[in-house]
Amino acid sequence: MNPEIIKPENAVYCRPASFTEVSTHYCPGCTHGTAHRLIAEVLDEMMLKEKTIGVAPVGCSVFAYNYFDTDFVEAAHGRAPAMATGIKRVLPDRIVFTYQGDGDLASIGMAEIMHAAGRGENITVIFVNNAIYGMTGGQMAPTTLPGQKTTSSPLGRDVELQGYPLRMSEMIAKMDGAGYVVRRSLHDPANIRKAKKAVRTAFETQVRGLGFSMVELLSTCPTNWGITPVESLQWVEDHMIPVFPLGDFKVSAAVGDIRI
Amino acid sequence: MTRELIKGNVAMAEAAVRAGLEAYFGYPITPQTEILEHLARRLPELGRAFVQAESEVAAINMVYGAACTGVRVMSSSSSPGVSLMMEGISYIAGTEVPVVLINVMRGGPGLGNIAPAQSDYNQAVHGGGHGDFPRIVLAPASVQEAIDLTVASFDLAEKYRCVTMLIADGNIGQMMEPAELPEMRPLLRKDWPWATNGALGRPRRILSSIYIDPPAEEVANLRMLKTWLEIQKNEVRYKEYFIEDADFVVVGFGTAGRIALSAVRTARQQGIKVGLLRPITVSPFPFAVLDELASRAQGFLVTEMNMGQMLQDVQLAVKGRAPVEFYGRTGGMVPFPGEILKEIQRMATTKLSLTADPRQAWLERMLAK
């Protein structure tokens, strides 16, 4: 390769400045890396790196604080929105976001997420929904699909016994305090671009003080789903999107006026 | 400043404001709700943060978040609510950030009742969340002392980067007494070298209670032990009354200690050489002074509004060198001075056993009533 070509002005892809220079611990084919990257790119674009405090969850993304070059705290399981509330209320001019999985946000942290949205806390939540508990080895989550096999629903989720998946974005969108609530997917490049725009809009919502913002990202877990990374991407499209339709569930009038 | 008639809960809340409290997160629970109510009005008018959380679980995690930014932050609750905060307290301790928590204790276990009790001593002093960590626990016996200890608790929490808990009881919280509040301190937001308040012009920081490598967790735990030994060395506080020539020593904290003082005064008038030791820090516990007293006293009477929790720490200090007796009221019952006086008189006139189980003997006396 001609070394003359390797110049900053020719770069089409590089590590965002809001990332640290370490390798992630995520499994091959997992979309956490993609979700992280979208956040880092948005923080770069909006020049928010030095103003941002992230709140990491418990779950696969428990080590998220290692990957972002911003201040970070590590919450107890499900409590990230409460911790973010504490930070944002004393430092309202900083940018505070939580990064939470489905077990963290929709199961143990249900009260904290609903009330943070209800209060209209001016924070941003990135909700990674892959329909399973990853870190503990593939148990049923509140978002596990009907019939989906997990280690704690080995015959497939039986809705008679184990209930139905929870659609968090739809629920939270009902709250007056929510300014921006959307669901996107990370299963192909077109959807990743849309997801990026949503993450940007969510942080813009916070910068403008327009209330609670959340982007739900449909994500993969090839390891615990027991299929290949490529099959996982297809599985999101074939099985998850019918249950968790993509779309904008709440875009307040003020947020609707944001032009990126 | 002048003395004013003020309710314990309001006094603690206002003392916290004047000590520089920047944020409060709490949940209503009797008998401490006046703390929350006072701050609901006071903090917003000063431009400081107040949130009524959806639960004690959320409240303590909001406190955790605010503490990570380095501001003075607190919560308050009563026994069942404090139980709900235990997870958060452990995380806060493991992250080594300063937090103040007031527990206005009530009768338990379970839902119990809303009357004064001291039955969370073990939870505060010996328990209080999973894992090993230092904790400072202060026990006020009057509204004035509750004010002074609230102010001190912020300094202590910051000095040692630990949880400082005030264990008052429903009596202290609900009682009105003449007391003097401190002057309003100007807000002093310190730029702590550990605070996560945005990495503006500095390398980013992480605050966490996770040490995924066991060797690193061991290092952190040993650091916390070192902190604890410093606390033990520097922060033991207690009050002695009529101790110099005492043959018998009553030991009681908070309200039980205060009631015992009335009994001790009456016993002195009757010629019984009895004194009172009232621990103000129940953690760190005043082991050294008890150790010294154990070498010369003829007997100890531990009096508590529980079934003998601090009793075990007194026994640990006395090490079998003198008889240790116990008198408690429990379940939200408060002893009268006359009950404790009778116990003092009994000790002064009967031969005491070095080996009898003081709790069993107390139970038998209670059931015989």
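The rules behind each value
Residues numbered from 1 in each chain as written. Chains lettered and ligands numbered in written order. Predicted model: local features only at pLDDT ≥ 70, side-chain atom pairs only at ≥ 80, totals over all residues. Heavy atoms only, no water. Helix = DSSP H or I, 4+ residues; strand = E, 2+ residues; numbered from the N terminus. Buried < 20%, exposed > 50% of the residue type's maximum accessible area, 1.4 Å probe, protein only. Phe/Tyr/Trp six-rings, centres within 6.5 Å; stacked < 30°, edge-to-face > 60°. Contact = heavy atoms within 4.5 Å. Buried area = accessible area lost by both parts, 1.4 Å probe. Salt bridge = Lys/Arg side-chain N within 4 Å of Asp/Glu carboxyl O. Polar contact = N/O pair within 3.5 Å; in protein donor to acceptor, adjacent residues only side chain to side chain. Nonpolar A, V, L, I, M, F, W, Y, C, P; charged D, E, K, R; others polar.

Draft legend 1. Structural detail: the environment of B:Ala115. Residues and elements named next belong to chain B. Relative to the helices and strands, alanine 115 resides in the loop between strand E5 (99–105) and helix H6 (121–125). Residue alanine 115 is classed as partly exposed on the basis of its relative accessible area, which comes to 23%. Sequence separation between alanine 115 and arginine 268 is 153 residues; the distance between their C-alpha atoms is 30 Å.

Draft legend 2. Spatial organisation of the packing of aromatic side chains. Applying the stated criterion across every chain, the model contains 14 aromatic pairs over all chains. Ring centres 5.8 Å apart and planes at 15 degrees place the aromatic pair B:Trp192 and B:Trp194 in the stacked group. B:Trp194 carries the same exposure label as B:Trp192, and that label is buried. Seen from their ring centres, B:Phe285 and B:Phe287 are 5.0 Å apart, and the 65 degrees between their planes marks the pair as edge-to-face. Judged by its relative accessible area of 28%, B:Phe287 falls in the partly exposed class. One aromatic cluster is present, built from ring pairs that chain together A:Phe19, A:Phe68, A:Phe72, A:Phe97 and A:Phe203.

Draft legend 3. Structural view of the interface of chain B and chain A. Opposite the 35 residues of chain B that make contact, chain A presents 32 residues. Interface area, chain B with chain A, both sides summed: about 2,600 Å², of which 61% is carbon and sulfur. Counting the surface chain B buries against chain A, the share from its top three residues, B:Glu54, B:Arg204 and B:Ile210, is 23%. Remark: the boundary between chain B and chain A carries three salt bridges. Among the salt bridges present, the one from A:Arg79 reaches B:Glu87, with a minimum N-O distance of 3.4 Å. Connecting chain B to chain A are 18 residue pairs in polar contact (both at pLDDT 80 or more). When contributions to the side of chain B that touches chain A are tallied by element, the ones reaching two or more residues are strand E2 (23–26), strand E3 (49–52), helix H3 (56–68), helix H5 (86–95) and strand E9 (206–207) of chain B. Per-element accounting of the side of chain B that touches chain A gives the leading share, eight residues, to H3(B). Broken down by class, the residue content of the side of chain B that touches chain A amounts to 20 nonpolar, nine polar and six charged.

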